[in-house]
Amino acid sequence: MILEEIKEEYVKNLLKKGKRADGRGLTDYRPITVQKGFLQNTEGSALASIGETKVLAGIKFDVMEPFRDRPDEGVMMVNSEFCILAHPGFESGPPNERAIELARVVDRGIRSAEAIDVKKFVLEEGKVLGLFIDLWVIDHSGNLIDTAALAAMGALACTKVPKYEDGAIIRTEFTGPLEVARDVVATSFEKIEGKAVVDANDEEEIASEARMTFATCGDDLVCAAQKSGRGAFTKDELLGLVDLAFEKRKELMGKIR
Amino acid sequence: MAQNVSSVKLIDGDRRLDGRGVTDLRSLKITAGVLKKAGGSALVEWGKNKVLAGVYGPREVFPKHMTDPYKAIINCKYSMASFSSLEDHGRAGPNRRAIEIGKVAKHVFENNIFTNLFPKTMVNISMEVLQSDGGTRIAGITAASVAVVDAGIPVKDLVQGVSVGKIGGRLVVDLDKIEDNMGQSDIPVIVSLRSKEVLLYQLDGMLTRDDINEGMDLVFEAAKLVREKQVQALKEKYERVEEQVADEKPAAGKETEEVM
C-alpha cells in the first residue's frame with residue numbers, strides 16, 4: 001500500500017537522525033496506565049494502555065480435569081483475541097499467527113517465571129482449577145506484547161481464587177487472593193535503521209526489520225524472549241537489549257503493583 | 001446463582017429484586033469516541049453490562065463479490081468475550097445466538113444508515129460484550145448507533161432500545177439477567193423515536209395482545225431517556241475535542257483524559 005510506504009520512509013528518515021515522529025527518545029515509553037478490577041464478572045481483570053494501545057485482560061477460573069500426564073497440577077491458559085474493532089486490518093475468524101504468538105509469548109513469560117503455582121490448583125482426585133487469562137486487544141496502535149503482559153499481570157495482581165464446593169465453583173465467594181510469586185514484565189524492541197526502538201507505535205512497526213522481546217521476572221532474571229521479523233541482531237545488540245529490558249522493568253513494575 | 005433465586009420473588013408490589021420500579025432503567029452511562037483506531041466508537045455501561053462498539057467504513061468491500069453497485073453493505077458482528085459472564089469461561093468463536101444477533105442488528109443499520117450514499121462500499125460494525133448481565137444486544141445496538149454517528153456516517157436517526165418483559169405477572173422495563181432467566185417473558189426492542197418505527201423485535205415467552213401493546217408503549221417511553229444519554233455522549237465527545245484543541249501542546253506522549 002502506497003500510504004504504508006510513505007509512512008515507512010518517514011519513520012526511517014527521522015530515525016536516521018535519531019528522532020521519532022512523536023518526539024520521544026528512542027527508549028521512551030508512551031504514557032502507561034493499568035486499571036485493575038475493570039470487570040465485575042471475572043475473578044480478576046485489568047485494562048492496560050500504552051499510549052493509544054489498549055488491551056483488556058479478563059481472568060476466569062473453571063473446574064476441569066487435569067492433563068493426563070500432569071495429574072497433580074492445575075491448568076493455566078493464555079488466549080488472545082484481536083477484536084475487529086481494534087484495527088482496520090483485523091478480520092474476524094479464528095486467531096491468526098500474530099494473535100497466537102502474542103498469547104504464547106505472554107504465557108511463556110508467566111509460566112517460566114513460575115509466577116503461578118498450578119500445584120495449588122488441585123481440588124480433589126481428577127478435579128483441578130483451570131486459570132484462563134484472556135487478552136482482548138481493543139485498540140491497536142503498536143506494541144501489543146508489552147501492553148498485553150501489563151494487562152495480564154495487572155489482572156493477576158487483583159485476582160481472587162473462588163470457593164469450590166460440591167464439585168462446582170461458587171462465583172461470588174473467594175478463598176483469598178491468588179498468589180503471584182514473581183511479577184513478569186515484557187519489553188519489546190523494534191529494529192529500525194539499525195537502531196533499537198522501545199515501545200514502537202503501529203507506524204514504526206511497519207518500518208521495523210525485526211522485533212526482540214525480553215520478559216523479565218526479577219532484577220537480573222530473564223524469563224522469556226521472542227525474536228520476530230525478517231531482520232537479525234548481533235550478540236552485542238542482544239546483550240544491550242537485555243540491559244535495557246532490566247532498566248525498563250523498574251519503570252513498568254510500578255504500574256502492576 | 002440462578003438456583004438460589006428460584007424461590008425468591010422477582011417483584012414484590014412495585015419493587016423489583018434490585019429495588020427498581022417497573023419502569024425504571026438500570027444506571028446508564030454512554031461514552032463516545034473511546035477508541036483511537038476505529039472510525040467511530042462508544043462504550044455503553046448499562047447496569048452491569050459493559051459493551052464496546054466500533055465502526056469502520058465506508059470502505060472497500062471485501063470479499064469483492066459482495067459489492068453492491070447501488071448501496072453500501074452493512075456487516076454487523078456481535079460477540080461476547082469469554083470472560084463476560086459470571087458463569088464459566090466461555091468458548092471461543094461465535095455461537096448460533098451471536099450469529100443471529102449479528103443478523104438482526106445488521107437489519108437495524110441497513111434501515112438506519114443512508115446506504116445509497118455510499119455505493120460499492122461496506123460499513124463494518126462490531127459489538128464486543130465485555131461484561132454481561134442481561135440485555136446485551138440492546139446495549140450493543142445502542143452503543144453501535146452512537147459509534148455510527150461518531151464515525152460521521154449519515155443516519156436517519158439515533159436508534160436505541162430497551163427490553164420489556166414479564167416477571168411475576170407484571171410488565172417491566174429493562175430486564176436484568178435474573179429477571180430474564182427466571183421471568184416469564186423478555187422482548188428486546190430497538191426503535192427510532194423520530195419515525196416511531198420498530199427496527200428490531202424479538203420475543204420469547206407467553207404474552208397477550210394487550211401485553212404486547214402495553215409493552216410497546218413502555219419501550220417508546222423508556223427509549224427517550226436512552227436517546228438523551230446518546231446525544232449527551234456525542235456532545236461530550238466534541239467538548240473533549242474542543243478542550244484538547246484549546247490547550248493544544250502537541251508535546252511527546254501528551255496525556256489525554258482517560259475515559260476508558
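Each remark here, short or long, concerns the structure printed above.
This report concerns the structure included in the present document. (Residues numbered from 1 in each chain as written. Chains lettered and ligands numbered in written order. Predicted model: local features only at pLDDT ≥ 70, side-chain atom pairs only at ≥ 80, totals over all residues. Heavy atoms only, no water.)

Concerning the overall build of chain A
Using the following cut-off: Comment: elements are numbered from the N terminus, with helices defined as DSSP H or I runs of at least four residues and strands as E runs of at least two. With the radius of gyration taken over C-alpha atoms, the globule rule is written as 2.2 Å times the number of residues to the power 0.38. Relative accessibility decides the category of a residue: with a 1.4 Å probe and only protein chains considered, values under 20% of the type maximum give buried, values over 50% give exposed, and everything between is partly exposed. The contact rule is simple, with two residues in contact once any of their heavy atoms fall within 4.5 Å. The Shrake-Rupley method, run with a 1.4 Å probe, gives the accessible areas here. Residue values count only the displayed protein chains as cover. Positive charge is attributed to Lys and Arg, negative charge to Asp and Glu, and no charge count is given to His or to the chain ends. Note that the charge is assigned to NZ on lysines, CZ on arginines, CG on aspartates and CD on glutamates.
Secondary structure assignment for chain A yields five helices and 12 strands. Rg of the C-alpha trace for chain A: 19 Å, near the compact-globule value of 18 Å for 257 residues, within the 12% margin. Looking at the 257 residues of chain A, the share that counts as buried comes to 55%. Partitioning the intrachain contacts of chain A with sequence separation of at least 6 by distance along the chain shows that 69% fall at a separation of at least 24. Surface accessibility of chain A: about 11500 Å² in total, with carbon and sulfur atoms responsible for 49%. Seen as two clouds, the 35 positive and the 45 negative side-chain charges of chain A have centres 3 Å apart.

A look at a negative patch on the surface
Residue and element names in this part refer to chain B. Spelled out, the test is: Patch construction takes residues with relative accessible area above 30% that form no salt bridge. Like charges are linked within 9 Å, and nonpolar side chains (Val, Leu, Ile, Met, Phe, Trp, Tyr) are linked within 5 Å. Should a side-chain nitrogen of Lys or Arg be within 4 Å of a carboxyl oxygen of Asp or Glu, the pair is scored as a salt bridge.
Taken together, the side chains of Glu236, Glu239, Glu242, Glu243, Asp247 and Glu248 define an acidic patch exposed on the protein surface. The residue Asp247 is located in the segment after helix 5 (209-246) in this model. Given a relative accessible area of 42%, Asp247 falls into the partly exposed group.

Section: the nonpolar core
Applicable threshold: Grouping buried Ala, Val, Leu, Ile, Met, Phe, Trp, Tyr and Cys residues that are joined through side-chain atoms within 4.5 Å yields what is termed a nonpolar core.
Of all hydrophobic cores here, the largest spans 65 residues; its most connected members are A:Ile110, A:Ile116, A:Leu131, A:Ile133, A:Leu135 and A:Leu156. Top contributing element to this core by residue count: helix 3 (residues 144-157) of chain A, with 10 residues. The contact partners of A:Ile116, leaving out residues within four places of it in the chain, are A:Met76, A:Ile110, A:Phe121, A:Leu131, A:Leu156, A:Leu178, A:Glu179 and A:Val180. Of all hydrophobic cores here, the second largest spans 55 residues; its members include B:Leu28, B:Ile113, B:Ile125 and B:Ile141.

Shape descriptors only; they carry no functional weight alone.
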